[in-house]
There are 2 protein chains.
Amino acid sequence: MLTKAPHLFDDATQVTAGDSSWQGRSSEDYWAFVGPFGGVTAATILRALIEHPQRSGDPLALTVNYCAPVAQGAFDLDIRLVKANRSSQHWSVEMTQGGAEIATLATAVFAERRPSWSHQQAKFPQAIAFAQTLPYAAKIAASWVKQYDFRFVEGEPKLGSSSPAAPGSAFSKLWIADRAPRKIDALSLISMSDAFFGRIFHARSELVPFGTVSLTTYFHTDLESLAAEDITRVLAVADAKIFNRSYGDQHGELWSPGGRLLATTTQIAYFKA
Amino acid sequence: MLTKAPHLFDDATQVTAGDSSWQGRSSEDYWAFVGPFGGVTAATILRALIEHPQRSGDPLALTVNYCAPVAQGAFDLDIRLVKANRSSQHWSVEMTQGGAEIATLATAVFAERRPSWSHQQAKFPQAIAFAQTLPYAAKIAASWVKQYDFRFVEGEPKLGSSSPAAPGSAFSKLWIADRAPRKIDALSLISMSDAFFGRIFHARSELVPFGTVSLTTYFHTDLESLAAEDITRVLAVADAKIFNRSYGDQHGELWSPGGRLLATTTQIAYFKA
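Residues numbered from 1 in each chain as written. Chains lettered and ligands numbered in written order. Predicted model: local features only at pLDDT ≥ 70, side-chain atom pairs only at ≥ 80, totals over all residues. Heavy atoms only, no water.

Colleague: Go over the interface of chain B and chain A with me, naming the residues and quoting the values.
Modeller: Tallying the contact residues gives 67 residues for chain B and 67 residues for chain A. Carbon and sulfur atoms supply 55% of the area that chain B and chain A bury against each other, a total of about 5800 Å² over both sides. Contact with chain A buries area across many residues of chain B, yet W117, K241 and R245 of chain B alone supply 14% of it, more than any other trio. Linking chain B to chain A there are eight salt bridges. For R80 of chain A, the salt bridge is made with E94 of chain B, and the minimal N-O distance between the two is 2.5 Å. With six residues, the top contributor of residues to the side of chain B that touches chain A is strand 14 (residues 261–271) of chain B. Considered class by class, the residues forming the side of chain B that touches chain A number 29 nonpolar, 23 polar and 15 charged. Taken together, the two bridges between strand 7 (residues 119–120) of chain A and strand 12 (residues 242–244) of chain B define a ladder with antiparallel strand orientation. In the sheet register, H119 of chain A faces strand 12 of chain B, and the bridge partner there is F243 of chain B. (Contact = heavy atoms within 4.5 Å. Buried area = accessible area lost by both parts, 1.4 Å probe. Salt bridge = Lys/Arg side-chain N within 4 Å of Asp/Glu carboxyl O. Helix = DSSP H or I, 4+ residues; strand = E, 2+ residues; numbered from the N terminus. Nonpolar A, V, L, I, M, F, W, Y, C, P; charged D, E, K, R; others polar. Pairing = 2+ DSSP bridges.)

Colleague: Provide a residue-level description of the relation of the copies chain B and chain A, including the pertinent values.
Modeller: Of the transformation placing chain B onto chain A, the axial shift is 0.0 Å and the rotation is 180°, giving an RMSD of 0.0 Å. Expressed as an axis order, the relation between the two copies is that of a two-fold axis. Both copies share a contact surface, since 100% of the interface residues of chain B are interface residues in chain A too. (Least-squares fit on C-alpha atoms with pLDDT ≥ 70 in both.)

Colleague: Kindly report on the pairing of strand 8 (residues 148–154) of chain B, identifying the contributing residues and their values.
Modeller: All names here are of chain B. Among the seven residues of strand 8, five are classified as buried, and the element is accordingly described as predominantly covered. Taken together, the six bridges between strand 8 and strand 9 (residues 172–178) define a ladder with antiparallel strand orientation. Note on strand 9: the bridge partner recorded for F150 is I176. (Buried < 20%, exposed > 50% of the residue type's maximum accessible area, 1.4 Å probe, protein only.)

Dropping the structure here:
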């Protein structure tokens, strides 16, 4: 029996432990076009791994392959610790519903983040303060969009502003926070790494049929350092390199307001245009 | 029985079909520090998928998690078509040796690359011609390095040039070709996407213990268009954003000499420094 958590996001990503099979339910609060928002699906998988009794170390890499739309209602997570040594763990997670074919397939790496030489080569994307940036008035009906507070610094999508002669830029810089404030944790980072609008919407200045096919996020912070940041939003940038033959890429960065690179992410997505 | 193929790379990535289990052998010609070169392992997995009788469509995304060093000799590939529909296929591949724990875990997506609106936003990284660029005289003993012709346009590693006061740039731009010329195919692209030297070597100007943990490559071309390019080298760029707590990232692009973005790649790697 799932009990009500204090934040919608925690409700939406709740899981119940089993032996190798865990259970959860897709959330109508984070619904996208034809299924749950992929970021919340990824966060649910990550939550199950973090809460797993055999888990050791911090999340390092998570890849989620969205094989088929997840339906409303219950799902099972088949979780397998594929390989472990003293410093890292490799996991595989398969999401199914009612014993049907796999809907979501994920692999994850957890690692002991031991102190080392450190160098942040990427430059912090300077931005005007969150409080001075206007919230995005989303024209997108999907419920998940309403759960986030998007504040565009650059590259706000101009949807339906008449089809332009030349492709628009796919670059965006924006603040992302939960609409109801929630402290940023690893679950936020994985979810927010899929919370950019489709780059094709920016490039085409219109909504087109779109779906993330595969998402990969790397974590550049250990959980303890992330908790110590004590933040409720990230400064995020995303861009695309190419749209070709029905698929386009995206790569992005999630930064702490104080200037630490917390996560990098990339995805390949289907589009129809 | 494996028969000799005309190119070392094709020898190294050869597989023998089974039902769900395929067989191969790690190659001493493409050996790295503690196991086979990860690019060839990834290419072997991709070859098995491309040659699989159930395969349909072109490679779109491949993620390879290097769980443990692969030993010299035979290995098994447990190949599973996880989910398929009319336009895409999701695969999972597990590499084991002698029935032991999983050494390599991969997921792949294949897709019908239907004609669509197309836009290459990324800019071709201009470079002096391959023929005018000096081959890199590798100071790295690993045999796989000898199988490639690396020609640095920018960011040639200065290994052991005394430890610098400030971190060096992790950016490189280089031509990559097989030492013995071989037409670029999807197997080349996946292998070359792991053929950048560790970004930490560039940032530190020295070799340190290093290993790729997880690699993800997206293909931005269908196989037919790639074959039509008829090229034997790519112009490649790679960079890193951060090195922190024993792990660093890498992202890169592989371009045709004519200016088409063929693949993008990212990886997270362990280092000791």
